[in-house]
Amino acid sequence: MKHLLGLYHISKEEILDIFKLTEKLKYELKNDIKHHLLKGKTLAMIFEKSSTRTRVSFETGMYQLGGHPLFLSSNDIQLGRGETIEDTAKVLSRYVDGIMIRTFKQSDVEDLAAHGSIPVINALTDLLHPCQVLADIFTIYEEFGTIEDKKLAYIGDGNNMAHSLLYGCTKVGMDISIATPKGYEPDQDVVDKAFEFAKESGCTIHIGNDPEKAVGGASAVYTDTWVSMGMEEEKERRIKDFNGFLVDDSLMGKAADNAIFLHCLPGYRGFEVSAGVMDGPSSRIFNEAENRLHVQKAVMVKLMGGK
Ligand code: CP
Ligand code: NVA
């Protein structure tokens, strides 16, 4: 693994390896054991969109690993004034040891990796959000002690979260069922690739428009905002189109008995999820958010630590 551009180029073994290191780093942090595995290393963090979890978890994680995080808002660097991705990649490669980027186009992340000489981590694009899904699957693994024979149901927009969950679940062999309103289905290229991964790992994929059908037998029920970053102008239309896709207690009741609720956050109570579910006993949203820190530290060590 040279980069984390998406989960499509990573094997199940590599994901399980990241989880093994995640468990160790989490244990060490909780037990006050120093783990300065990236001492003297610098991570450039380019943000072209807002963030709470990603920025704080990467920045804090880098500090805990003994390294130095560098926050670069695209408003402040020359990328925002038209310097090319190619030149940015080449210049940053002369200064730092890794680049984390949150941006719009997936191709920008791939171009950074292609033109630079250091590891690149995708911290969300319009297409994918791999760091989030590593934390999500790790949270399911922690909850149930296994990811074998588990099913995840995703209810809502066929967006970057749906895409990365499709890749992540099919890579590790977890069944996935997605229900979106008509017209909001996930990208067909992503679905086609996920079907190939599912064939290899032996899991199932179902894509449809019926939330009740999707959650049947699911151990984890997942949703995301109906209005992703950059789609603010579509808000009114989307709220109408997503009527019937609220994850509430009644829908959770149709999932497996011990099902947990997951959400990448930020979440909007009363829209994609009821306050009762978001703040209720099945919700694991804050464990999930915490796990971003631990999983990303493992990813950074794997990519930048020579381990
Ligand atoms: N889930 C997530 O990536 O959150 P932020 O947008 O706050 O980073
Ligand atoms: N789909 C959301 C995820 C936020 C973490 C967005 O892209 O805004």
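One can find the structure itself at the top, above this paragraph.
Just so it is clear, the model here is predicted, and its values are computed rather than measured.

## So, the packing of aromatic side chains
And then number 1: Tallied over the entire structure, the rule returns 11 aromatic pairs.
And then number 2: Arranged with centres 6.3 Å apart and planes meeting at 20°, the rings of Phe 19 and Tyr 141 form a pair that is stacked. Of the two residues, Phe 19 is situated in helix H1 (residues 12-30) and Tyr 141 in helix H5 (residues 130-144); the sequence distance between them amounts to 122 residues.
And then number 3: For Phe 19, a relative accessible area of 3% translates into the label buried.
And then number 4: Overall, the relative accessible area of 25% leaves Tyr 141 in the partly exposed class.
And then number 5: Geometrically, the ring pair formed by Trp 226 and Phe 271 is edge-to-face, given 6.4 Å between the ring centres and 90° between the ring planes. Taken together, the residues Trp 226 in the loop between strand E8 (220-223) and helix H9 (235-241) and Phe 271 in the loop between strand E9 (260-263) and helix H11 (275-278) connect sequence positions 45 residues apart.
And then number 6: For Phe 271, a relative accessible area of 35% gives the class partly exposed.
And then number 7: Taken together, the aromatic side chains of Tyr 184, Trp 226, Phe 242, Phe 245 and Phe 271 make up a single cluster linked through ring pairs.
And then number 8: Taking the ring centre of Phe 197 as reference, the NZ or CZ of Lys 171 above it sits at 4.2 Å.

## Here's the deal with the sheet that holds strand E1 (residues 42-47)
And then number 1: In spatial order, the strands read E2-E1-E3-E4; together these 4 strands make up an open sheet with parallel pairing. For this open sheet the edge positions go to strand E2 (68-73) and strand E4 (120-122), each flanked by a neighbour on one side alone. Across the sheet, the axes of successive neighbouring strands diverge by a mean angle of 20°, strand direction being ignored.
And then number 2: As paired elements, strand E3 (residues 98-102) and E4 share 3 bridges and run parallel to each other. By the bridge assignment for E4, Ile 101 is matched with Asn 122.

## Section: the site of ligand 2
And then number 1: For ligand 2, the full set of nearby residues is Leu 124, His 129, Asn 159, Asn 160, Asp 224, Ser 228, Met 229 and Leu 265.
And then number 2: Within the side chain of Asp 224, one N or O atom sits 2.6 Å away from a nitrogen atom of ligand 2.
And then number 3: A distance of 2.7 Å separates a nitrogen atom of ligand 2 from a polar side-chain atom of Ser 228.
And then number 4: Bound to the protein, ligand 2 loses 95% of the 270 Å² it would expose on its own.
And then number 5: A per-class count over the shell around ligand 2 returns 3 nonpolar, 4 polar and 1 charged.

## A closer look at the sheet that holds strand E5 (residues 151-155)
Backbone hydrogen bonds are what pair the strands of a sheet, in a parallel or an antiparallel way.
And then number 1: If you trace the 5 strands from one edge of the open sheet to the other, you get E7-E6-E5-E8-E9, paired in parallel fashion. Looking along the sheet, the strands with just one partner apiece sit at the ends: strand E7 (205-208) and E9. Neighbour-to-neighbour, the strand axes of this sheet turn through a mean angle of 15°, independent of strand direction.
And then number 2: Note that E5 and E8 share 4 bridges and pair parallel.

## With respect to helix H3 (residues 85-95)
And then number 1: Turning to H3, its buried residues are Ile 85, Thr 88, Ala 89, Leu 92 and Ser 93. All buried residues of H3 project into a common sector of 130° when viewed along the axis, lining one side.
And then number 2: In this fold, the buried residues of H3 make contact with E1, E3 and helix H4 (106-115).

## Quick notes on the nonpolar core
And then number 1: Formed by 59 residues in total, the largest nonpolar core has its most connected members in Leu 4, Ile 121, Leu 134, Ile 140, Leu 152 and Met 300.
And then number 2: Residues in contact with Leu 134, not counting those within four places in the same chain, are Leu 4, Leu 7, Ile 15, Ile 18, Phe 19, Val 295 and Val 299.
And then number 3: Judged by nonpolar contacts, the second largest core, of 24 residues, contains Ile 155, Ala 214, Phe 261 and Val 273.

## Brief notes about unusual backbone geometry
And then number 1: With an omega of 5°, the peptide bond between Leu 265 and Pro 266 qualifies as cis.
And then number 2: Although it is not a glycine, Asp 149 adopts a positive phi angle of roughly 60°.
And then number 3: Within the secondary structure, Asp 149 is located in the loop between H5 and E5.
And then number 4: On the accessibility criterion, Asp 149 (76% relative accessible area) is exposed.

## Considering the pairing of strand E6 (residues 175-179)
In the case of a regular strand, side chains alternate between the two sheet surfaces.
And then number 1: Across the 5 residues that make up E6, a large majority, 4, are buried.
And then number 2: Here E5 runs beside E6; their pairing, made up of 5 bridges, is parallel. By the bridge assignment for E6, Ile 155 is matched with Ala 179.
And then number 3: This β-α-β element, E5 to helix H6 (residues 160-172) to E6, shows right-handed connectivity.
And then number 4: In this sheet, E7 lies alongside E6 in parallel orientation, the contact comprising 4 bridges. Looking at E7, one finds that Ile 178 is bridged to Ile 207.

Basis of the calculations
Residues numbered from 1 in each chain as written. Chains lettered and ligands numbered in written order. Predicted model: local features only at pLDDT ≥ 70, side-chain atom pairs only at ≥ 80, totals over all residues. Heavy atoms only, no water. Phe/Tyr/Trp six-rings, centres within 6.5 Å; stacked < 30°, edge-to-face > 60°. Helix = DSSP H or I, 4+ residues; strand = E, 2+ residues; numbered from the N terminus. Buried < 20%, exposed > 50% of the residue type's maximum accessible area, 1.4 Å probe, protein only. Lys NZ or Arg CZ within 6 Å of the ring centre and 35° of its normal. Pairing = 2+ DSSP bridges. Axes fitted to C-alpha atoms, helices over the stretch in contact; angles between N-to-C directions. Near = heavy atom within 4 Å. Polar contact = N/O pair within 3.5 Å; in protein donor to acceptor, adjacent residues only side chain to side chain. Areas by Shrake-Rupley, 256 points an atom, 1.4 Å probe, with all protein chains shown as cover. Nonpolar A, V, L, I, M, F, W, Y, C, P; charged D, E, K, R; others polar. Arc of directions from axis to C-beta. Contact = heavy atoms within 4.5 Å. Core = buried A, V, L, I, M, F, W, Y, C linked by side-chain atoms within 4.5 Å. Right-handed = clockwise from strand over helix to strand, strands pointing away.

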